[in-house]
Every structure is written in C-alpha cells, then in structure tokens.
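# Close look at the chain arrangement
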Amino acid sequence: MIDFDKVVADTRTLISIESTNPGVLEAQCADWVEQRLRGMGLEPHRHPVEDGRDNVSVIIPGKDRTAPRLVFVSHLDTVPIGVGWTRDPLGGVIEDGLLYGRGACDMKSGLALTLGLLEALTTNGTVPPADVVAFYTVDEEAPRMLGAHQLVTDGLLRPDDQILAPEPSGMRLRIAQMGLRWVTLAVTGRQSHAGRAHLGVNAAHIMSHIIVELESVFAGLPFDDEILGKPRFTCGTIHGGVATNVVPAHCEAELDLRIVPPLVPEDAVRIVEQVAARVVTGYPGSSFEVSTLGAARPPVRASDDSKIVRSLRDSYLRLTGALPEIGGADGHEAYTDSAMIAALTGSTSSTVLGPGATDEAHTADEFVPLADIELGCRLLWDMIERW
Ligand SMILES: [Zn+2]
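All figures in this text were calculated on a predicted structure; none of them were measured in a lab.

Okay, the overall build of the protein chain next. Helix and strand content of the protein chain: 9 helices and 17 strands. What you see for the protein chain is a C-alpha radius of gyration of 23 Å, in line with the 21 Å of a compact globule of 387 residues. If you line up the protein chain on its principal axes, its C-alpha atoms span 80 × 40 × 40 Å. For the protein chain, the proportion of contacts with a sequence separation of at least 24, taken over those separated by at least 6, is 80%.

In structure tokens:
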C-alpha cells in the first residue's frame, strides 16, 4: 500500500521548496527529489537540460524487463506565486480537507504520489511485473517545455511506454489533448498626423480588422472533436501606437490558437497568414509578419485500448464502482509533458490523471483535496498490483 500520510507530508515539503518558473526555477526541488529517492535505496539519474537544470529519472526493474513499462512524468516547476493569496503559498496549510499552496495540485501532490508508489515498492521489496519508471522534469510551465523535449532527445522513452502524468485532472482520465500554437503577428503601416490620417496607413486599424476576421474564420472551422470540441482563437495581447494624435505605423499582437484534429499547428499558422494577407491587400502600403512563439503543440489522443488506458479505467472502476469521466470541462485544454511526449514520439499510450482540478491550478489559494490524494494512493497501488 502507498502511505497516504507520507504522500501528504511530501506534498507539503515540496510546496515549501519554491520552484517558480519564471522565477527561482526547480533546481532545489530536483535536489530534494533526488535525495528522497536515494533515501529509498534507489539510484536516480540526472539528465542535464540547461545550465543548472536537470531532469531526474529513476527505474525500479520489473520481473519482465521487456514488458511495456509503467512510466510516470511529473514536472518539478510551478508557475509564479502571483497575487491574491489569503494563505501562505509555501505553507502547505490544511483546512477542511484541502491542502493549500503553490503547486498543491499542479503538481506537487501528483509528484508526491509517484514517490509514494516507489517507496511502497522498495519498502516491501515488491518486484513489479514490468519496469516502473519515474521522470521528474524541468520547465513544463514554460513555452518551450524543455524538460519533455530533452527526455525525448536523450532517448529515455520507449515506443511502448505506458505514460501517466499525475497532473491535476480532478481525477478524470484525460486521453486527448487540445493542440496549441502561439504566434506573434506584427503589422506595419505608415505614420502620419491623425488630423491628416489619409496620408498614413493605420497599423492598429489593420490589426483590428485581422483579429475580427480571424475570430470568425476560427468559429467557422468545420471541426468538432468528440472530446476536445471546436478550435478556439484568442488574441491575448495587443500593442501599438505612440500617441493619441498619431496614426500608428506598428501594431503587434500575440495570438493563442487552440486546435483539434485534423488540424496541426502549421495549419493554424497558415490560417493566420492567409487572413492577414487578405486583409493587408485592402490597405496599400501595409505589410505583416507572422512568427511562432514556443514549441508547436499538436492535438494528441491516446488509444482506448492502450494498456495504460485500460488499466486506469479498470482500477478506477474497481475502487469507486464507476468508470472515470473522460473529457468534460476539466483539463484537456492544458498542455502537459505527457501530451508533448506524445506529440514528439507519436505515442498513443500517454495519459493524464491526477489529484486536484485544473480550475484550481495557477490560481491564488491553489489547493488539492486530500480525498483526491487518498484515491490516487489506492489507484496507483491497484494498477501496479495488476499491471
Ligand atoms: Zn502541471
């Protein structure tokens, strides 16, 4: 059995170690995890990603070393603490069955669950049916997701790995992930006196036109995935102009493009380029430029009969009497290391299920229900017993 009290204690310790990104980053957290694993008698490895930033990995060999491995991917970093907290963000306070702190659900409790599982195995001297692997990654909460990329570059994953990221999903099973592309759109016009606006080319007006057009083009895309729903478009930032009485020559916007199959990130970029090209032809003397931001994140989907999906469903059903919910409002919009690995390797056995809800992640007073951690303990142990 996994020791629930120990998992809660580890979660609180992990919360007390700030690992904000951007911010102090996750090196101290990686050190603590490494030491914790060594304390179990395990031999963790470090895999450099950037200066002072290492992924950590550990393997407990199974009876059948060639069987599909059970692989956990947990990230060490959190988003910045931000404002609006009414509790100590690094305090790990427990009130009414909820544990509060930055990373409480995203995802120090999930990370602690994997430590609990590894400790349960080593304490009992249990040899699992197949290798159990845990990866602890850096930089998940950043546009480039360097840790997940490095795991793949380092060749640490096998094609038949059965991957679970215990990220906050409200204990729902996430088998599909919406794709995402961020782009920067820059429009250039010509500056002039606002009283003589006809002599200029207004970059702000052109940008507004493009954004309105993109909104309607995205809304009209004929794709509606059974789990992920429809594509979504958001203009997240927009900057332009120098003064109220000057026709602006420059305007720049950052666009968030959420995509579902069969769209891929390149399609989203192409749509922006086509719409921008069409609009600027109506404004002689203007031009535009599209550049991408962060890593391409295509939509991914695990197979219903992959071993990890079957195993999670069976264990959840056995423990709760119901199948885990799939899809719905909670979660598949938040790209994770699990999705990035699937995108980079083509894995169809990459999933997310973990304590706490995506709606609480990244917020002030982030929390995780202790009941979710408790179910997580039982679920992982049931899975490993029947793997
Ligand atoms: Zn996360």
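Read from one edge to the other, the open sheet built from 3 strands follows the order 4-5-17, with strand pairing classed as antiparallel. Edge positions in the sheet fall to strand 4 (94-95) and strand 17 (367-369), since each has one partner strand and no second. One ladder, built from 3 bridges, connects strand 5 (residues 98-100) with strand 17; its direction is antiparallel. Across the sheet, the residue bridging to tyrosine 100 is phenylalanine 367, located in strand 17.

Given a rise of 1.5 Å per residue, 13 residues ought to cover 18 Å, and the 19 Å separating the end C-alpha atoms of helix 1 (residues 4-16) matches this to within 8%. The complete set of buried residues in helix 1 reads Val7, Val8, Asp10, Thr11, Arg12, Leu14 and Ile15. Contact partners of the buried residues in helix 1: helix 2 (27-39), strand 5, helix 3 (104-124) and helix 9 (370-385).

Judged by which residues are buried, strand 7 (residues 162-165) turns out to be covered on both faces: Gln162 and Leu164 on one side and Ile163 and Ala165 on the other are all buried. Relative to strand 7, strand 3 (residues 70-75) is paired through 3 bridges, and the arrangement is parallel. Its bridge partner being in strand 7, phenylalanine 72 is matched across the sheet by leucine 164. Relative to strand 16 (residues 350-352), strand 7 runs parallel, the two sharing 3 bridges. Bridge pairing links alanine 165 to valine 352 in strand 16.

In this section: the domain arrangement of the protein chain. Segmentation of the protein chain into domains returns domain 1 (4-177 + 299-385) and domain 2 (179-295). A straight line from the C-alpha centre of domain 1 to that of domain 2 covers 36 Å. Each partner contributes to the interface: domain 1 provides 11 residues, whereas domain 2 provides 12 residues. For the side of domain 1 that touches domain 2, a count of residues per class yields 6 nonpolar, 3 polar and 2 charged.

Here we come to the sheet that holds strand 3. Strand order in the open sheet formed by 6 strands is 1-2-6-3-7-16, with mixed pairing between adjacent strands. The sheet is open, and its two borders are formed by strand 1 (45-50) and strand 16, each paired with just one other strand. Pairs of neighbouring strands in the sheet enclose a mean axial angle of 20°, with direction left out of account. Across 5 bridges, the pairing between strand 2 (residues 53-60) and strand 6 (residues 132-137) is antiparallel. Across the sheet, residue isoleucine 59 finds its bridge partner in strand 6, namely valine 133. Here helix 7 (residues 307-320) sits on the sheet and contacts strand 7 and strand 16; the angle it forms with strand 7, its principal contact strand, is near 55°.

Here the focus is unusual backbone geometry. Among all residues save glycine, negative phi is the norm, and among peptide bonds the norm is trans. The omega torsion of the bond from asparagine 21 to proline 22 falls at 0°, within 30 degrees of zero and hence cis. Considering the arrangement of structural elements, one finds proline 22 in the loop between helix 1 and helix 2. For the peptide bond that leads from proline 261 to proline 262, omega is 5°, which places it in the cis range. Its location among the elements puts proline 262 in the loop between strand 13 (250-259) and helix 6 (265-280). The residue methionine 171 is not glycine, and still its phi comes out positive at about 60°. By the secondary structure assignment, methionine 171 is in the loop between strand 7 and strand 8 (176-177).

The rules we used
Residues numbered from 1 in each chain as written. Predicted model: local features only at pLDDT ≥ 70, side-chain atom pairs only at ≥ 80, totals over all residues. Helix = DSSP H or I, 4+ residues; strand = E, 2+ residues; numbered from the N terminus. Rg over C-alpha atoms; globule rule 2.2 N^0.38 Å. Contact = placed C-beta atoms within 7 Å. Pairing = 2+ DSSP bridges. Expected span 1.5 Å × (residues − 1). Buried ≥ 20, exposed ≤ 12 C-beta atoms within 10 Å, placed from the backbone. Domains from an automatic or database assignment. Nonpolar A, V, L, I, M, F, W, Y, C, P; charged D, E, K, R; others polar. Axes fitted to C-alpha atoms, helices over the stretch in contact; angles between N-to-C directions.

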